[in-house]
Amino acid sequence: INMRLFLNTSHKYENRAEEILMPLIDLLKKLTLLEEEIFERDESLEAEKKELNIPEHQVHPRWEDLMDEYYDRYTDLIEGRVSNKLLSKGYASSCGVPSNYSYAKGDDFDATFTMKRENLATVVIDYIDVTEMRHKFVLRSSENNWLIDEKYYGFAGEDKWYSDRI
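Computed from a prediction, not measured in an experiment: that's the story for all the values here. (Residues numbered from 1 in each chain as written. Predicted model: local features only at pLDDT ≥ 70, side-chain atom pairs only at ≥ 80, totals over all residues. Heavy atoms only, no water.)

S.K.: How do you make sense of the nonpolar core when you look at a structure like this?
M.R.: Of all hydrophobic cores here, the largest spans 38 residues; its most connected members are Tyr-74, Tyr-103, Ile-125, Phe-137, Ile-148 and Ile-166. For this core, the secondary-structure elements that each account for two or more residues are helix H2 (17–51), helix H3 (63–78), strand S2 (109–117), strand S3 (120–128), strand S4 (132–142) and strand S5 (145–155). Not counting the four nearest positions on each side in its chain, Ile-125 is found in contact with Ile-25, Leu-28, Tyr-103, Phe-109, Asp-110, Ala-111, Met-133, Arg-134, His-135 and Phe-137. (Core = buried A, V, L, I, M, F, W, Y, C linked by side-chain atoms within 4.5 Å. Buried < 20%, exposed > 50% of the residue type's maximum accessible area, 1.4 Å probe, protein only. Helix = DSSP H or I, 4+ residues; strand = E, 2+ residues; numbered from the N terminus. Contact = heavy atoms within 4.5 Å.)

Right, dumping it as structure tokens:
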């Protein structure tokens, strides 16, 4: 991974950065690979519709099964990693290329780790998609397990964050 890490935390918590950040990046990578796989398979179904004489405005007969598989596999990946609060916002509702977390595959990105309390950490990831973007993840420790509790997105150069789903 080509990541530049910035520590915005007291010396007391600096050694926690890797233990919290690396599992997060690993999860984002797994989610992005799943999203890209499902997108590719969806594109194949779209191409197949022409051969089967299915009108463009109708979905392929296997499309719902594909979306169910996407949801189930996404659920398996995030289970025990995301708080109920964040899960309640929904997830796995769309897929595309570039995927939501494409930077986690090793693209250049910056990660800023902030920890001011024993049970709360924030990771801000700055990356370039079509434009300069940012993701902010708020993680809370629960029973020695770091859960992603909140997620936001924003744009470089702006201080405003928008609530998002995982």
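S.K.: Help me understand the packing of aromatic side chains in this model?
M.R.: A complete count under the given rule lists ten aromatic pairs for this structure. Judged by centre distance (4.8 Å) and plane angle (10 degrees), the ring pair of Tyr-71 and Tyr-91 falls under stacked. Taken together, the residues span a long stretch of sequence, with Tyr-71 in helix H3 and Tyr-91 in the loop between helix H4 (84–87) and S2 at a distance of 20 residues. Assessed through its relative accessible area of 38%, Tyr-71 is described here as partly exposed. (Phe/Tyr/Trp six-rings, centres within 6.5 Å; stacked < 30°, edge-to-face > 60°.)

S.K.: Please clarify how unusual backbone geometry should be interpreted in this entry.
M.R.: Negative phi is the rule for most residues except glycine; trans is the rule for most peptide bonds. In this structure, Pro-98 follows Val-97 across a cis peptide bond, with omega equal to 0 degrees. Looking at the secondary structure, you find Pro-98 in the loop between H4 and S2. The phi angle at Ala-92 is positive, at roughly 55 degrees, despite the residue not being glycine.

S.K.: Quick question: what am I supposed to make of a negative patch on the surface here?
M.R.: Taken together, the side chains of Glu-64, Asp-65, Asp-68, Asp-72, Asp-76 and Glu-79 make up a negatively charged region of the molecular surface. Tracing the backbone through its elements, the reader meets Asp-76 in helix H3. Taking relative accessible area as the criterion, Asp-76 reaches 57% and is therefore assigned exposed. (Patch = residues over 30% accessible without salt bridge, like charges linked within 9 Å, V, L, I, M, F, W, Y side chains within 5 Å. Areas by Shrake-Rupley, 256 points an atom, 1.4 Å probe, with all protein chains shown as cover. Salt bridge = Lys/Arg side-chain N within 4 Å of Asp/Glu carboxyl O. Lys, Arg positive; Asp, Glu negative; His and termini not counted. Charge placed at Lys NZ, Arg CZ, Asp CG, Glu CD.)

S.K.: I'm lost on H2 in this one. Help?
M.R.: Working note: α-helix, 3.6 residues per turn, so residues spaced by three or four point in the same direction. Between its terminal C-alpha atoms H2 stretches 52 Å, which fits the 51 Å expected from 35 residues at 1.5 Å a residue. Positive backbone phi, at 55 degrees, marks Asn-53, one or two positions downstream of H2. (Expected span 1.5 Å × (residues − 1).)

S.K.: Please explain H3 as it appears in this structure.
M.R.: Taking 1.5 Å of rise per residue, 16 residues should cover 22 Å, and H3 covers 23 Å from first to last C-alpha, within 8% of that figure. What H3 keeps buried is the set Leu-66, Met-67, Tyr-70, Tyr-74, Thr-75 and Ile-78. Buried residues belonging to H3 abut H2 and H4. At the exit of H3 stands Gly-80, carrying a positive phi of roughly 80 degrees.

The values are spatial; any link to function lies outside them.
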